[in-house]
Amino acid sequence: MKILYFAKIKEVIGKSEDSITINEQTTVKDIVEKLKVINESYKLAFQDLKNIKCSVNCNYIDSFQTKVTNNDEIAFFPPVTGG
Amino acid sequence: MKILYFAKIKEVIGKSEDSITINEQTTVKDIVEKLKVINESYKLAFQDLKNIKCSVNCNYIDSFQTKVTNNDEIAFFPPVTGG
Amino acid sequence: MKIIFQTEKLNVEEVLKNFASKNNSSGSVISFLGKVRPSNKKKKIKTMDIEIYEKMALYQTKLALKRLLKEVKIQDYLIMHRYGNLKPGENIIFLVVASEHRKEGFIFIQEILLYFKKKITFWKRENYLDSSKWLDRQS
Amino acid sequence: MKIIFQTEKLNVEEVLKNFASKNNSSGSVISFLGKVRPSNKKKKIKTMDIEIYEKMALYQTKLALKRLLKEVKIQDYLIMHRYGNLKPGENIIFLVVASEHRKEGFIFIQEILLYFKKKITFWKRENYLDSSKWLDRQS
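I will try to describe carefully the structure that is included in this document.

Criteria and thresholds
Residues numbered from 1 in each chain as written. Chains lettered and ligands numbered in written order. Predicted model: local features only at pLDDT ≥ 70, side-chain atom pairs only at ≥ 80, totals over all residues. Heavy atoms only, no water. Contact = heavy atoms within 4.5 Å. Buried area = accessible area lost by both parts, 1.4 Å probe. Salt bridge = Lys/Arg side-chain N within 4 Å of Asp/Glu carboxyl O. Polar contact = N/O pair within 3.5 Å; in protein donor to acceptor, adjacent residues only side chain to side chain. Helix = DSSP H or I, 4+ residues; strand = E, 2+ residues; numbered from the N terminus. Nonpolar A, V, L, I, M, F, W, Y, C, P; charged D, E, K, R; others polar. Expected span 1.5 Å × (residues − 1). Buried < 20%, exposed > 50% of the residue type's maximum accessible area, 1.4 Å probe, protein only. Arc of directions from axis to C-beta. Axes fitted to C-alpha atoms, helices over the stretch in contact; angles between N-to-C directions. Parallel < 35°, antiparallel > 145°, perpendicular 65-115°, else oblique. Patch = residues over 30% accessible without salt bridge, like charges linked within 9 Å, V, L, I, M, F, W, Y side chains within 5 Å. Areas by Shrake-Rupley, 256 points an atom, 1.4 Å probe, with all protein chains shown as cover. Lys, Arg positive; Asp, Glu negative; His and termini not counted. Charge placed at Lys NZ, Arg CZ, Asp CG, Glu CD.

**A short note on the interface of chain D and chain A**
Alright, step 1. The partner chain A presents 21 residues to the 24 residues of chain D that form the contact.
Alright, step 2. Interface of chain D and chain A: buried area, both sides summed, is about 2,000 Å²; carbon and sulfur atoms make up 56% of it.
Alright, step 3. Looking only at chain D, the three residues that lose the most surface to chain A are Tyr53(D), Trp123(D) and Trp134(D), adding up to 31% of its buried area.
Alright, step 4. Inspection of the region where chain D meets chain A yields 3 salt bridges.
Alright, step 5. Between Glu73(A) and Lys55(D) there is a salt bridge, and its shortest N-O distance comes to 2.9 Å.
Alright, step 6. Scanning the region where chain D abuts chain A turns up 15 residue pairs in polar contact (both at pLDDT 80 or more).
Alright, step 7. For the side of chain D that touches chain A, the elements supplying multiple residues, two or more each, are strand 5 (47-52), helix 2 (54-71), strand 8 (91-99), helix 3 (102-118) and strand 9 (122-127) of chain D.
Alright, step 8. Classifying every residue of the side of chain D that touches chain A gives 12 nonpolar, 3 polar and 9 charged.

**Focus on helix 2 of chain D**
Residue and element names in this part refer to chain D.
Alright, step 1. With 18 residues, helix 2 should reach 26 Å at 1.5 Å per residue; the first-to-last C-alpha distance of 26 Å fits that figure.
Alright, step 2. Listed in full, the buried residues belonging to helix 2 are Met-56, Ala-57, Gln-60, Thr-61, Ala-64, Leu-65 and Leu-68. Buried residues of helix 2 fall within an arc of 170° about the axis and therefore sit on the same side. Exposed and facing more than 90 degrees away from the buried side of helix 2 are Lys-66 and Lys-70.

**Structural notes on the packing of helix 3 (residues 102-118) of chain C against helix 3 of chain D**
Alright, step 1. It is the contact of helix 3 of chain C with helix 3 of chain D, at a shortest axis distance of 13 Å, that shows an interaxial angle of 175°. Relative to helix 3 of chain D, the element helix 3 of chain C lies roughly antiparallel. Taken together, the residues of helix 3 of chain D that come into contact with helix 3 of chain C (itself represented by Arg102(C), Phe106(C), Ile109(C), Gln110(C), Leu113(C), Leu114(C) and Lys117(C)) are Arg102(D), Phe106(D), Ile109(D), Gln110(D), Leu113(D), Leu114(D) and Lys117(D).
Alright, step 2. Class assignment for the residues of the contact of helix 3 of chain C with helix 3 of chain D results in 8 nonpolar, 2 polar and 4 charged.

**Structural notes on a positive patch on the surface**
Alright, step 1. Side chains of Lys66(C), Arg67(C), Lys70(C), Lys118(C), Lys119(C) and Arg137(C) sit close together on the surface and give a patch of like positive charge.
Alright, step 2. With respect to the secondary-structure elements, Lys70(C) resides in helix 2 (residues 54-71).

Pasting the structure below:
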């Protein structure tokens with residue numbers, strides 16, 4: 001599964017994407033927990049989840065309990081500030 | 001006193017302005033009555049006063065009872081349709 | 001900060017270009033362009049005559065601006081309105097406003113348009129193929 | 001009916017000219033231009049970086065349009081948003097809408113702007129003389 005990071009989250013983590021393999025029926029929350037143990041940067045990037053938006057295949061998700069599969073493209077980013 | 005006509009009122013009357021002399025303390029209503037007796041065109045132009053706007057020196061008047069003097073510029077016209 | 005009423009065609013792109021570069025430090029530049037439509041209630045419009053009471057139009061526009069600028073903070077504006085005989089597709093009115101933030105710009109431009117609908121002394125007559133009609137306020 | 005996200009400068013006058021002449025039969029053409037401001041809370045802005053998640057930005061813009069066009073009847077639109085490294089005074093976003101009447105145009109353009117503030121995946125970072133800051137939603 002492809003995981004993308006943008007803006008401040010990308011900066012804190014220090015990279016723009018990861019590729020990981022998950023079991024079926026994993027929640028986004030599980031993925032976040034998995035990422036947070038990689039190193040301190042990930043931990044810092046994901047410490048305040050309520051300020052992080054997440055999309056699955058370009059759709060905003062309502063809850064981090066949303067389930068995803070290996071074919072999905074997930075992105076984590078701060079609230080948008082375009083326009 | 002200068003009296004100006006615009007748009008449909010100008011068309012019905014057949015001219016764009018008149019110059020008349022009035023006594024002090026005349027109301028706009030009195031002027032209209034005076035104009036209406038000139039001929040049938042004026043009578044027709046002023047028959048439906050509630051659809052006629054009037055300005056005195058470029059200010060809209062609230063009532064045809066407004067008093068005017070010989071130095072004033074009066075204009076009669078339909079509601080505006082610019083923009 | 002200009003008000004221009006003219007019979008010559010409104011060359012809006014040139015105007016916008018100069019306006020935007022002059023107001024280089026504004027965060028928001030909003031423009032409204034109103035044009036003669038090709039038809040009205042399915043009647044084909046051949047031309048449109050726009051009449052002006054120029055002295056009063058200028059006076060009322062300045063009055064409107066005076067009131068509005070007390071309430072809305074903007075950085076620059078340009079108000080252009082054409083009169084005379086126009087063809088379908090030609091520009092009638094062009095408004096541009098520069099402001100720090102977009103909110104004030106949208107309020108300003110929509111309020112100015114309301115003044116043109118209600119107070120500022122222009123009148124439109126549509127000329128069809130075999131008749132013509134002065135527009136009513138609601139058009 | 002175009003959506004353009006690009007790193008090249010937005011040449012809005014040329015675009016507006018072509019758009020207006022293409023939509024010659026529209027009564028109303030409204031444009032919004034958003035630019036990089038010279039400062040924010042008195043801090044001088046040296047440059048602004050705009051980041052995009054392009055696939056999602058395009059997808060969300062189309063989604064927004066699909067919803068909006070069900071409710072608002074317009075004739076044509078153009079949506080341009082720049083990304084990359086910009087200087088103060090440079091154009092960030094340019095929206096144009098052609099409609100028969102102005103009301104629909106104002107609704108359309110303000111709604112699209114709201115989508116850009118809330119849903120469409122662009123992020124701005126302001127670079128000051130000795131620091132830089134990702135903007136928060138409310139800015």
